[in-house]
Amino acid sequence: MKDYLPYAAGVLAGLLVAFLMSGLLTLTQTPQLVLFALLPAVGGALVERVCRRRPNNS
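Each value, and the rule that gives it
- Residues numbered from 1 in each chain as written.
- Predicted model: local features only at pLDDT ≥ 70, side-chain atom pairs only at ≥ 80, totals over all residues.
- Heavy atoms only, no water.
- Phe/Tyr/Trp six-rings, centres within 6.5 Å; stacked < 30°, edge-to-face > 60°.
- Helix = DSSP H or I, 4+ residues; strand = E, 2+ residues; numbered from the N terminus.
- Buried < 20%, exposed > 50% of the residue type's maximum accessible area, 1.4 Å probe, protein only.
- Contact = heavy atoms within 4.5 Å.
- UniProt positions renumbered as here; feature names shortened; annotations may be inferred.

The name an unreviewed UniProt entry assigns to the protein chain is DUF1427 family protein, from the organism Rhizobium brockwellii.

So, about the packing of aromatic side chains. Inspection of every chain in the model, using the stated rule, returns one aromatic pair. Ring centres of F19 and F36 lie 5.0 Å apart, and the angle between their planes is 75°; on these two criteria the pair is classed as edge-to-face. Separated by 17 residues along the polypeptide, F19 in helix α1 (residues 5-25) and F36 in helix α2 (residues 29-53) bring together distant segments of the chain.

As a further point, take the environment of L27. Relative to the assigned elements, L27 resides in the loop between α1 and α2. Residue classification places L27 among the partly exposed positions, given a relative accessible area of 24%. Sequence-distant contacts of L27, that is, excluding residues within four places in its chain, are made with S22, Q32 and L35.

Okay, the UniProt feature "transmembrane region" (unreviewed entry) in the protein chain next. Per the UniProt record, "transmembrane region" (unreviewed entry) is found at residues 7-27 and 33-51. Note that residues 7-27 is 90% helix and 0% strand, and that its end C-alpha atoms are spaced 26 Å apart. Structurally, residues 33-51 is divided into 100% helix and 0% strand, and its ends, taken at the C-alpha atoms, are 28 Å apart.

Pasting the structure below:
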C-alpha cells in the first residue's frame with residue numbers, strides 16, 4: 001500500500017492542476033475531457049518516478 005502513495009499524491013496534484021487550468025482557460029467539452037484524462041495520469045507517473053529515483057534515506 002505504501003508504494004502507491006507517491007502515485008496517488010501525483011494524481012491529486014494533476015487533478016488540482018486540471019481544475020485550475022480548466023477554470024482559468026474556461027475550457028469546455030473535448031479539451032476539458034483531454035485535460036482531465038491526461039494530467040492526473042501524467043502527474044502520478046512523474047511523482048512516482050521522482051520518488052523512485054531518489055535514494056531511500058530510511
